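# Structural features, examined
Single-letter residue listing:
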2 protein chains.
Amino acid sequence: MDDNVPGNQSALKAARHMNLKELSQILGLSQTTVSRALNGYPEVAEATRQRVRKAAKTHNYRPNARAKGLATGRAMAVGHVIPVSSSHEMVNPVFADFIAGASEIYLRHGYDMVLSAVADNREEHAYREFAAKGSVDGIIVHGPRIADARIGLLSEVGLPFVVHGRASDETGDYNWVDVNNRRAFQRATEFLVDLGHRRIALINGLEVMDFAARRRDGYQQGLAARGLAADPLLIHSDEMTEAYGHDTARALLAGDTAPTAFLCSSIIAALGIRRAIEEAGLHMGRDVSVITHDDELSYLRNGSDVPTFTATRSSVRQAGRLCAERLIETIADPDQPPHHHLLEAELTVGLSTGPAPRPSAPPAAA
Amino acid sequence: MDDNVPGNQSALKAARHMNLKELSQILGLSQTTVSRALNGYPEVAEATRQRVRKAAKTHNYRPNARAKGLATGRAMAVGHVIPVSSSHEMVNPVFADFIAGASEIYLRHGYDMVLSAVADNREEHAYREFAAKGSVDGIIVHGPRIADARIGLLSEVGLPFVVHGRASDETGDYNWVDVNNRRAFQRATEFLVDLGHRRIALINGLEVMDFAARRRDGYQQGLAARGLAADPLLIHSDEMTEAYGHDTARALLAGDTAPTAFLCSSIIAALGIRRAIEEAGLHMGRDVSVITHDDELSYLRNGSDVPTFTATRSSVRQAGRLCAERLIETIADPDQPPHHHLLEAELTVGLSTGPAPRPSAPPAAA
DNA sequence: GATCATGTTCAAAGCGCTTTAAAAGTGATT
DNA sequence: AATCACTTTTAAAGCGCTTTGAACATGATC
């Protein structure tokens, strides 16, 4: 009648947790009834249910997640594999906010988030692992490349998943939530051209990443739509650090045919661009214009009332929420057709753009 | 003999996973032997072990994590509760790098990381939840406050944990990994005073946070050690955003007794300070000096060869590794006494500091 | 009083693994 | 051929839950 286990090596551990068996004994009910009472099954008398609920609360009972998972076949957890750039040892700063958004939703639905940060060349393994171990019911795919083997792999494995972004080369259909990157960057480019800018530099992310390729595309189409040719020397792509923005902008501004405007893929790199502009004795928004994509990171708010940067804006936290919601729906009903959610970025005008300093070429086609 | 289940609603799901029973049947062995072979128990004949290993590999067998956890009583997972500031909806950007570091270690030891991002006023609940559900074997505590109820709670619950930072008011003993914030900021302050600066502003984090209080302490002790009094008007504290750094620095620089130097708690806010300095037509490192704490975030590297900022440097990713290692050791042997790991920040001189522009007061004590 | 429908509770099986205690096999020694 | 020591394998119990199918009340209906 007493669970005193002498010589138990974990005796020092504080009071172990109450389990269903104990709780049902206290109540003088079967485990079945207690379990059903707590899980809202209708065949339990209301009085009994109340009694059980109350006892569960006072004894701080919470069903063991593993046992529950084993019995139901559902882990009540979703996996995020966040890639750590193997070349730069860098983890994309947008993940923090994306995850904050997704987490809100998981919390609400009782899901856990299990996360594994792996070198970007080991990601596939991480997915297989998740799938085989059965530790998650679904997966969010981060940072899709143009051709991304993970998507095929996950479809094959049969684990529900949602991609944050898209993979252009992937032929199959799948759930995704993405920003209309092409459109956003085309609009931004046209906006700059309309202000009289002719030499517009693109400070882009790594172009194996699908989002970066789409942005480049938008940039080029924007130029083309205004009858301008893209200058390959103005197009740069790398991991979006502050230093990359700075160094690239500095080099470009020092050249003999310096750009009068920059279009940038991340507010972090944009901070570097601004630094280079000011170091060159120039004034952002007057001498040189800058438009950046703004993921609305919580710690890098773009100005208070008037945005510092003119930006194509789309909240990555919101994207996290949407991905999570979609994934939970898919887990609940795996057989429904894939959904696609294309978010339009707002083009918000801030202080970093203005008319090109001196018209350099006639606006008409070459 | 065939597992074709007609009418099964999840028939579309790809091939379900092999389990121990199936694998042992294929091998003509008992589950016991197969389990032991794979888990490295000595009482299995070497030939058998090889045979089992090979079969496991070819059939892509991986033990079900939940079942294993249930049987062993260990979740092979650790929990991170990351606080989302309820006032600013902000998630601290250092988490991404911390987690990348911790994840390395978890991966190596076969642990999963389960993460829950909750409003900072709901954290206790999240811990209780983790503990009661038994979904993790241990917990990392992020962002300790000066008086932090979570630590007492976790000790009580008996779940192994490691704190990233410390809580000054907490009397009990517990595992922690922290930077010597007081020392770092004292040294930085003295460094600035020795360069002739007399009016040094402190741009600090929220002072309910333990790290911020310690830094303030170091700052004040540094001034005191050089016989200077702290001016309360120069001490600011808030959530460390770029805008906060900028706005505060701008206001201070516009005042009649502007500081000649800034000591800042985060490189993100320091970027804002630099912006304010340059907007005021001043030159950082000549007219105004800046020292910042640098967590060595991967996407905000402090310069390439010569650091942009003079900084007190300590890698938060490394802290993540250390916390994870400590936690895993504690899980393995919960009865060992708590360890403390105090990291010293390096004071690295960059381009943002220089002698005070014009000596304003005699260096001797007042 | 037998039958039925309905509401409520329960015993037992099963999820996939580990682990205990026992059994079976293998030589060597007597 | 019996005994012993040792190595290798196994059956079965158990981890904490859900869920199936059966049992037990209760009152209404014939």
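Just so you know, these numbers come straight off a predicted model, no measurement behind them. (Residues numbered from 1 in each chain as written. Chains lettered and ligands numbered in written order. Predicted model: local features only at pLDDT ≥ 70, side-chain atom pairs only at ≥ 80, totals over all residues. Heavy atoms only, no water.)

Right, let's get into the overall build of chain A. Along its length, chain A carries 12 helices and 12 strands. For 366 residues, the compact-globule estimate of 2.2 N^0.38 gives 21 Å, and chain A exceeds it by more than 25% at 27 Å. Counting across all 366 residues of chain A, residues that qualify as buried make up 52%. Look at the contacts in chain A between residues 6 or more apart in sequence, and 68% of them connect residues 24 or more apart. Of the accessible surface of chain A, which amounts to about 16200 Å², a share of 52% is contributed by carbon and sulfur atoms. For chain A, the distance from the average site of its 39 positive side-chain charges to the average site of its 44 negative ones is 6 Å. (Helix = DSSP H or I, 4+ residues; strand = E, 2+ residues; numbered from the N terminus. Rg over C-alpha atoms; globule rule 2.2 N^0.38 Å. Buried < 20%, exposed > 50% of the residue type's maximum accessible area, 1.4 Å probe, protein only. Contact = heavy atoms within 4.5 Å. Areas by Shrake-Rupley, 256 points an atom, 1.4 Å probe, with all protein chains shown as cover. Lys, Arg positive; Asp, Glu negative; His and termini not counted. Charge placed at Lys NZ, Arg CZ, Asp CG, Glu CD.)

DNA strand C sits among 26 residues. The nearest are A:Thr32, B:Leu20, B:Ser35, B:Arg36 and B:Tyr41. Sugar plus phosphate: this is where 57% of the atoms of DNA strand C within 4 Å of the protein reside. A:Ala45 has a polar backbone atom sitting 3.3 Å from a phosphate oxygen of DNA strand C. Here a phosphate oxygen of DNA strand C sits 2.3 Å away from a polar atom, N or O, in the main chain of B:Leu20. Where the surface near DNA strand C is concerned, the elements lending two or more residues are helix 2 (31-38) and helix 4 (65-72) of chain A together with helix 2 (31-38) and helix 4 (65-72) of chain B. Considering only residue class, the surface near DNA strand C consists of 10 nonpolar, 12 polar and four charged. (Near = heavy atom within 4 Å. Polar contact = N/O pair within 3.5 Å; in protein donor to acceptor, adjacent residues only side chain to side chain. Nonpolar A, V, L, I, M, F, W, Y, C, P; charged D, E, K, R; others polar.)

Among the nonpolar cores identified, the biggest contains 141 residues, and A:Tyr106, A:Phe262, B:Tyr106 and B:Phe262 are the most heavily contacted of them. Those residues in contact with B:Phe262 that sit more than four places away from it in its chain are B:Leu192, B:Ala201, B:Ile203, B:Ala249, B:Leu252, B:Leu253, B:Ile273, B:Val288, B:Ser289, B:Val290 and B:Ile291. Of all hydrophobic cores here, the second largest spans 41 residues; its members include A:Val118, B:Ala75, B:Tyr127 and B:Ala131. (Core = buried A, V, L, I, M, F, W, Y, C linked by side-chain atoms within 4.5 Å.)

Here we take up the sheet that holds strand 6 (residues 200-204) of chain A. Residue and element names in this part refer to chain A. Taken in spatial order, the six strands line up as 7-6-8-9-10-12 in an open sheet, and their pairing is mixed. In this open sheet, the two edge strands, each paired with only one partner strand, are strand 7 (235-237) and strand 12 (346-348). Put simply, the sheet's adjacent strands are angled 15° from each other on average, direction ignored. Those strands touched by helix 9 (residues 210-225) are strand 6, strand 7, strand 8 (261-264) and strand 9 (289-294), and its axis lies near 170° from that of strand 6. (Pairing = 2+ DSSP bridges. Axes fitted to C-alpha atoms, helices over the stretch in contact; angles between N-to-C directions.)

Here the focus is the relation of the copies chain B and chain A. The two copies are related by a screw motion: chain B maps onto chain A through a turn of 180° and a shift of 0.0 Å along the axis, at an RMSD of 0.1 Å. Here the copies are linked by what is in effect a two-fold axis. Closest approach to the rotation axis among the C-alpha atoms of chain B is made by B:Val114, whose C-alpha sits 2.1 Å away. When the interface residues of chain B are mapped onto chain A, 100% of them again lie at the interface, so the same face is used by both copies. (Least-squares fit on C-alpha atoms with pLDDT ≥ 70 in both.)

Residues and elements named next belong to chain B. The buried fraction of strand 5 (residues 175-179) is high, at five of five residues. Burial of strand 5 is two-sided: the residues Asn175, Val177 and Val179 facing one way and the residues Trp176 and Asp178 facing the other way are all buried. Looking at chain direction, strand 5 and strand 11 (residues 340-343) are connected through four bridges and run parallel. Paired with Val179 across the two strands is Leu343, which belongs to strand 11.

For the coordinates displayed, the defined rule picks out 44 salt bridges over all chains. Here A:Arg216 makes a salt bridge to A:Glu207, at a shortest N to O gap of 2.6 Å. With a relative accessible area of 26%, A:Arg216 lands in the partly exposed category. On the accessibility criterion, A:Glu207 (21% relative accessible area) is partly exposed. With its nearest N and O atoms 2.9 Å apart, the salt bridge here joins B:Arg275 to B:Glu242. Of this pair, B:Arg275 sits in helix 11 (residues 267-279) while B:Glu242 sits in helix 10 (residues 242-254), and the two are 33 residues apart along the sequence. Overall, the relative accessible area of 7% leaves B:Arg275 in the buried class. Accessibility expressed as a relative area gives 5% for B:Glu242, which makes it buried. If you follow the salt bridges from partner to partner, you end up with A:Glu123, A:Arg145, A:Asp148 and A:Arg150 in one network. (Salt bridge = Lys/Arg side-chain N within 4 Å of Asp/Glu carboxyl O.)

Quick look at the interface of chain B and chain A now. On the side of chain A, 59 residues touch chain B, which itself brings 59 residues to the contact. Scanning the region where chain B abuts chain A turns up six salt bridges. Notably, a salt bridge pairs B:Glu129 with A:Arg62, separated by 2.7 Å at the nearest N-O pair. The interface formed by chain B and chain A contains 19 residue pairs in polar contact (both at pLDDT 80 or more). In terms of residue count, strand 2 (residues 112-119) of chain B provides more of the side of chain B that touches chain A than any other element does, seven residues in total. For the side of chain B that touches chain A, the per-class residue count stands at 26 nonpolar, 15 polar and 18 charged. Across three bridges, the pairing between strand 2 (residues 112-119) of chain A and strand 2 of chain B is antiparallel. The residue of strand 2 of chain B that forms the bridge with A:Leu115 is B:Met113.

Turning next to the protein's contact with DNA strand D. Near DNA strand D you find 26 residues, and of these A:Leu20, A:Ser35, A:Arg36, A:Tyr41 and B:Thr32 are the closest. When the atoms of DNA strand D within 4 Å of the protein are grouped by moiety, sugar and phosphate amount to 58% of the total. In the environment of DNA strand D, a phosphate oxygen lies 3.1 Å from a nitrogen or oxygen atom belonging to the side chain of B:Thr33. Secondary structure elements with two or more residues in the surface near DNA strand D: helix 2 and helix 4 of chain A together with helix 2 and helix 4 of chain B.

Read these as spatial facts, not as claims about activity.
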